[in-house]
Amino acid sequence: MGARKGIDYIQRLKEHPPETWIGKEKVTDPTAHPLIRPAVEATARLYDVQWAEEHASYMLHRSPDTGGLVGTSFLVPRSKEDLYKRRLQSLIWAQQTFGLMGRSPDFLNAMLTAWYINRDFFGPYAENVKKYYEYVRDNDLFLTHVLIDPQVDRSKPPSEQPDEYTYLGVVRETDGGIIVRGAKMLATSGPYADEVLVWPFHLRKPTEKDYKYAISFAVPLDTPGLRLIAREPYTRSSTLDHPLAARFDELDAVAVFDDVFVPWERVFIYQDVERVNTIWKVNSNAFTGHQTSIRLLVKLQFLAGLLMKGTEMVQTNQFPHVQDMIGEVTTYIELVRAAIIASEATAEPNADGIYMPNVVPLYAVRNSGNRWYPRVIEIMHLVFAGGLMYQPSSFDVFDSPIADDIRKYYRGATVSAEEKIRLFKLAQDLAISDFGSRHVLYERFYAGDPMFLRIQTQYSAYDKREALALVERALALYREEEAAKAEKPEAKEMKI
Ligand SMILES: Cc1cc2nc3c(=O)[nH]c(=O)nc-3n(C[C@H](O)[C@H](O)[C@H](O)COP(=O)(O)OP(=O)(O)OC[C@H]3O[C@@H](n4cnc5c(N)ncnc54)[C@H](O)[C@@H]3O)c2cc1C
């Protein structure tokens, strides 16, 4: 099959719908469901864009196995130019959604590509990882993933939860595979994806007692026994009044595995606590961090643009503290951009000649973006203030007896009411809606708990040598001075 177009993605989803529950409603066709269809359409556009002529030189490449064209998010980089191609691919896709669909297919494609490159980590299951990567790449499948356990009792390990299968674990083996039971969260975009990739991530490290929960595998989302329980959708029907929420709500869901059969060829880690606890060795963050930083860059640029244009409309952009706050956002943009470039420029080939982006600057973005994004939304509140509240409830007001009021009192300094309301409806969707709140939560947590993430990557595992060498150099100054004094006692006396 190779790289898909939007129509191929929609057709497959129609034929293989995940079992999704929205409240008591069972969704039978996500491609036609009013609350999911907009995200399906936004995703389909990504698949179309990868075929656009103007992007032809970097969106697709030849599969080394089939010779067919496949997406660049599966590209195994053999040079810095390849890393740059990966960047352009993620950039073009992120721009289609203004950075608002964090789990667009390239996110897990990036993760799976890293798993493939470092598949030896998976020991006896390395061949399964290889075949799965090739299958996903050559069929251009859309994956969601679930790592986290349901929030039931965080004070206890998996084996001590109220029910043996609260957390996802192995029930039994069969000749053909394993049967798993339990729940996982949070399958963002699961209700309109093709497959789910599962591996456990716990803040509290599992011990040997938790072996049955130490598993990783992938299955199609329409596998019998697998159901998704969606959160309340934030999709709105009016693209005029909710231009972003009406188009880009990537639905999150809890995945319930009710005795789901996983064939052996889809098992990647099996009852192996040691591998689960050291999965960071696969270094998938180098690829996912590259993709997420590029997406964040686009999202920050979009927010900065809204701030620039909105404040110009009402002329608050002439006040220094407003300029300063917008300048804070553009500072974040440039730091993210610099980190992306640094990750490519300082990438080193591994023994097989494969270039992974340097993860260190990407970790710095990840550990900052989760704090910057909430701050940027705060800046939106501070800068737009009541402007976020004073837009009319609906655009149909222009068709009403009070239309003249709106034209007069809702205009900007130099723009019409209609133009200004359009801009502020975009800002409202991000700054004060349920859709916008979810984005704040997403940026804070999508990569894990912000505090533990920073401790782990910026402190515990951080290469402290350069910082400590400087301190050693400064401490040496004392010793040098003492040695000099000891050598020249008369000089010391003269000074006194
Ligand atoms: C919008 C959104 C989308 C997401 N999408 C995905 C996805 O696609 N796939 C996926 O797998 N996950 C996804 N996640 C889940 C995300 O990875 C988790 O939210 C994140 O790892 C934090 O885990 P938690 O939500 O279970 O919080 P918890 O771990 O329950 O933390 C809650 C609080 O308790 C504290 N705490 C918890 N355990 C401990 C402990 N042992 N020691 C000390 N303090 C502790 C934490 O610091 C935190 O303050 C998503 C989350 C959000 C919000």
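Residue positions are counted from 1 within each chain, in the order its sequence is given. Given that this is a predicted model, residues contribute local features only at a pLDDT of at least 70 and side-chain atom pairs are listed and counted only at 80 or more, while totals for whole chains, interfaces and linings are drawn from all residues. In computing side-chain properties, one takes all heavy atoms of the structure into account and sets aside hydrogens as well as water.

A. Representation of the site of the ligand. Proximity is defined per residue: any heavy atom of the residue falling within 4 Å of a molecule or strand makes that residue near it. The ligand sits among 20 residues. The nearest are Gln151, Arg154, Leu186, Thr188 and Asp449. Between His145 and the ligand, the recorded distance is 2.9 Å, taken from a backbone N or O atom to a nitrogen atom. As used in this structure description, the phrase polar contact means that two N or O atoms lie within 3.5 Å; if the pair is within protein, one of them must be able to donate a hydrogen and the other to accept it, and residues adjacent in sequence are counted only when both atoms belong to side chains. Within the side chain of Gln151, one N or O atom sits 2.8 Å away from an oxygen atom of the ligand. Calculation of accessible area relied on Shrake-Rupley with a 1.4 Å probe; when residues are assessed, cover is drawn exclusively from the protein chains displayed. Alone, the ligand offers 960 Å² of accessible surface; in the complex the protein occludes 75% of this. Secondary structure counts use DSSP, requiring at least four H or I residues in a row for a helix and at least two E residues in a row for a strand, with both numbered from the N terminus. Within the residue set of the shell around the ligand, elements represented by two or more residues are β5 (143-146) and α14 (434-445). Nonpolar residues are Ala, Val, Leu, Ile, Met, Phe, Trp, Tyr, Cys and Pro. Charged residues are Asp, Glu, Lys and Arg, and all others, Gly as well, are polar. Along the lines of polarity and charge, the residues of the shell around the ligand split into eleven nonpolar, four polar and five charged. For the shell around the ligand, the two domains that each supply at least three residues are domain 1 (6-281) and domain 2 (283-460). Note that the domain bounds were set by an automatic or database domain assignment.

B. Representation of empty space enclosed by the protein in the model. Only protein atoms enter the 1 Å grid used here, on which a cavity is any set of points holding a 1.4 Å probe that cannot leave and a pocket is any open set flanked by protein within 12 Å on both sides along at least five of seven lines; residues with an atom within 4 Å of a point are listed as lining. Grid points are joined across faces, edges and corners, and a volume is the space filled by probe spheres set on the points. Enumeration over the complete set of coordinates arrives at five cavities of 30 Å³ or more. Roughly 70 Å³ of volume is contained in the largest cavity. Lining the largest cavity are Leu296, Val365, Arg366, Gly369, Asn370, Glu443, Arg444, Tyr446, Ala447, Gly448 and Leu453. In terms of residue count, helix α11 (residues 359-384) provides more of the lining of the largest cavity than any other element does, four residues in total. Taken together, the residues of the lining of the largest cavity sort by class into five nonpolar, three polar and three charged.

So, to be careful, I would describe these as geometric facts and stop short of saying anything about function.
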